[in-house]
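For reference, the chains in residue letters:
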Amino acid sequence: MGSNPILSVHRSMLNPAVSSSASRPVRVRVAPSPTGAMHLGLARTALYNWLFARHHQGTFVLRIDDTDVERNLDEALAPILRGFCWLGIDWDEGPQTDGPHAPYYQSRRTARYREVVGQLLESGAAYLDYATAAETSAEREAAIAMKRSTRYSRRWMADTPEKRARFEAEGRQAVVRLKMPSQASLAVDDLVRGKVEFDWALEQDHVIQRADGSCLYHLASAVDDHDFEISHVIRAEEHLSNTARQVFIFQAMRWEVPQFAHLPLVAEPGSKNKLSKRKLAQYLRNKDFADLVARGRKLAESSGPEIGPDALNPVSVEFYERVGFLPDAVVNYLALLGWALDDRTEEFTREQLIEAFSLDKVNKSPSSYDPAKLMAFQTRQMLALPVERRAELAMPFLVRAGVVAEPESPEARGRVERIVGAAGDRIKVAADILDYTDFFTEDEGLAYDEKAFRKRVCKPGAVGLLRRLREEFAGVREFEPGLLEQAVRAFVDREGVRIGDIIHALRVAVTGKAVGFGMYDTLAILGRESTVNRIDRAVARAEQTKD
RNA sequence: GGCCCCAUCGUCUAGUGGCCUAGGACAUCACUCUUUCAAGGUGAAGACACGGGUUCGAUUCCCGUUGGGGCCGCCA
């Protein structure tokens, strides 16, 4: 049908694309419903809205879509607000800050919604419907079974006072439905997708108000977008099919329709399905995702039960905060998940992002969340931080794990700085410090990797070398990496062995493990006393196991 | 099933008719450095879903096919 140019010209004349010609001040919003956790996808949508607002010196509104009042608002909202704060996405109007259109909670705007419902009813754009929920769902199922359109039959529509009286005599209660047009179509000029068309006849007569007078999402959303003077509705693609019925409300009310921009979905690792909080078990099959989750588990082990399930789920923003990601790294990664400036720029500060961001460079196809790539941004930014700062970020994890006492001593601080310095990019997120708590354990409590111990320390000749090296260490002027290296090199020369012949045994003796940081850094962190003690202990242990 | 959307390396992407023997990043692999593990250095492999048009010329425009996704609630 689109192949006939005359027809399409004709059609587009009948149905001019919806677009606001008047340039209004930029006002955007993100409208989370309080579900108790901030989904990564919401974070990305919020970020794009925020960047768009900041780029255009517009206003970023945070509105709480809590028309479904079953949940405890405060409890469910706090983690979401916290997510915004942590990411550094600040809102100009919304909870706490308020603003000219307060309140920004849908649950407190019901009077206004009812007013609009009244007007819609009056103009004939909506009608009273007396079907029960059971009746409509039975009808819908029958339609599906017969492979017919599931559009509501309007069988219980009360379009005359008589019908209304009759239904009410039956004890029925009315909901309010939108009366969708039965012909023509709507073309929406989407800022990322271009022209999108909807056939009105296929649109459902959506319920906008329940029998108890409470209003539903589509109505509330349209009313708020109008009342809050939202100029651009930037939201996820899952809302694309909702657009027609919302535009219908705008048009019925003769309101100026905002511009729409539908963002590609944030998809699962390695698939195009919508990323979901509930599919954690499945995502664990992805190695990079599993690595992330492992960090959360490690953290939970070390710091006890105050950590809830959302904090352990990388689909939720809270996870990244908990395990010590840098918010800027997450923001940088998320910005690039569905948007790119050019063929090479990947690192952006917030300011650069604001400067560079535009909707016309947003992609159309879903983008899979890739934990490995996020980690690359994180590692890069982490390593760019001075060692003092990284130590500062790591410290709370050690305190919570109970290996550093509070208030921390200058000695502890110095030691953590040395550990962080020696660890280099092995500490990618702040919680990774938890891999190195052995530096804080008592010498007597050091556990050994048994396999490594046998291979390295129980090796013939190793014990003798360790004994003599211990004496060497006892005499080193200062336990400092450079001097330690000199001492060890001199030692192996004297012994006529290669450095590899002793260093592995030494590593296992003092750390219990086969792998670790640079040997001299390790020794310097441990200090003379621990080094000597640990060698003694390992030597004794090796001699015992020999028998 | 209906409607809507989408389609470049494994992943994120550049590309808007000739600059493309398709560029970058992450991941992968190899080599190198090395006291281990990382990191670093060097290099390699790796994509325009398919079929028709339009055009002197298609990754790029059009149509179709296939594939993927979203929505079809008295949820948001």
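Here the structure is a predicted model, which means the values were calculated and not measured.

Rules of the game
- Residues numbered from 1 in each chain as written.
- Chains lettered and ligands numbered in written order.
- Predicted model: local features only at pLDDT ≥ 70, side-chain atom pairs only at ≥ 80, totals over all residues.
- Helix = DSSP H or I, 4+ residues; strand = E, 2+ residues; numbered from the N terminus.
- Rg over C-alpha atoms; globule rule 2.2 N^0.38 Å.
- Buried ≥ 20, exposed ≤ 12 C-beta atoms within 10 Å, placed from the backbone.
- Contact = placed C-beta atoms within 7 Å.
- Pairing = 2+ DSSP bridges.
- Right-handed = clockwise from strand over helix to strand, strands pointing away.
- Core = buried A, V, L, I, M, F, W, Y, C linked by C-beta atoms within 7 Å.
- Domains from an automatic or database assignment.
- Nonpolar A, V, L, I, M, F, W, Y, C, P; charged D, E, K, R; others polar.
- Near = placed C-beta within 6 Å.
- Expected span 1.5 Å × (residues − 1).
- Bend = angle between axes of the 7 residues up to and from the residue.

(A) Layout of the overall build of chain A. Per the secondary structure count, chain A includes 21 helices and 12 strands. Its C-alpha radius of gyration of 32 Å places chain A more than 25% over the 24 Å reference for a compact globule of 547 residues. A total of 547 residues make up chain A; the buried ones form 37% of that total. A separation threshold of at least 6 residues defines the contact pool for chain A, and within that pool the share at least 24 residues apart is 76%.

(B) Fine view of the pairing of strand β1 (residues 27-30). Here β1 shows a buried face lined by Arg27 and Arg29 and a second buried face lined by Val28 and Val30. Looking at chain direction, β1 and strand β2 (residues 59-62) are connected through four bridges and run parallel. Among the inter-strand pairings, Val30 is bridged to a residue of β2, identified as Leu62. Following the chain from β1 across helix α2 (residues 40-55) to the adjacent parallel β2, one finds a crossover that is right-handed.

(C) Up close: the nonpolar core. With 125 residues, the main nonpolar core has Ala43, Leu47, Leu219, Ala394, Ile433, Leu466 and Ala509 as its most contacted residues. Per-element tally for this core: the top contributor is α2, with 10 residues. Once residues lying within four places of it in the same chain are set aside, the contact partners of Leu466 are Ala505, Leu506, Ala509, Ile535, Ala538 and Val539.

(D) A look at the environment of Pro25. Inspection of the secondary structure assignment puts Pro25 in the loop between α1 (5-14) and β1. Given 10 C-beta atoms within 10 Å, Pro25 falls into the exposed group. As for Pro25 and Ser368, which are separated by 343 residues in sequence, their C-alpha atoms are 33 Å apart. Not counting the four nearest positions on each side in its chain, Pro25 is found in contact with Gly58 and Ser231.

(E) Quick look at the domain arrangement of chain A. When the domains of chain A are assigned, the result is domain 1 (277-383), domain 2 (385-440) and domain 3 (445-546). Contacts between the two partners involve seven residues from domain 2 and, on the opposite side, 10 residues from domain 3. Here the residues of the side of domain 2 that touches domain 3 are counted per class, giving four nonpolar, no polar and three charged.

(F) Expanded view of the protein's contact with RNA strand B. Surrounding RNA strand B, one finds 69 residues, the nearest of these being Ser33, Asp65, Tyr217, Asp343 and Ser365. Mapped by element, the contributors of at least two residues to the surface near RNA strand B are α5 (133-145), β7 (194-199), β12 (367-368), α14 (371-384), α20 (499-511) and α21 (519-546). When the residues that make up the surface near RNA strand B are grouped by side-chain class, the tally is 25 nonpolar, 22 polar and 22 charged.

(G) The arrangement of the pairing of strand β6 (residues 185-190) in detail. Judged by which residues are buried, β6 turns out to be one-sided: Leu186, Val188 and Asp190 face inward and are buried, whereas Ser185, Ala187 and Asp189, on the alternate face, are not. Hairpin connection from β6 to β7: three residues lie between these consecutive antiparallel strands.

(H) Here's a closer look at helix α15 (residues 387-401). Given a rise of 1.5 Å per residue, 15 residues ought to cover 21 Å, and the 21 Å separating the end C-alpha atoms of α15 matches this to within 8%. Of all bends in α15, the biggest is about 30°, found at Ala394, and the proline Pro396 comes one to four residues later. Listing the buried residues of α15 in full gives Arg390, Ala391, Leu393, Ala394, Met395, Phe397 and Leu398. For α15, the elements touching its buried residues are α14 and α16 (410-423). The positive-phi residue at the C-terminal boundary of α15 is Gly402, with phi of around 80°.

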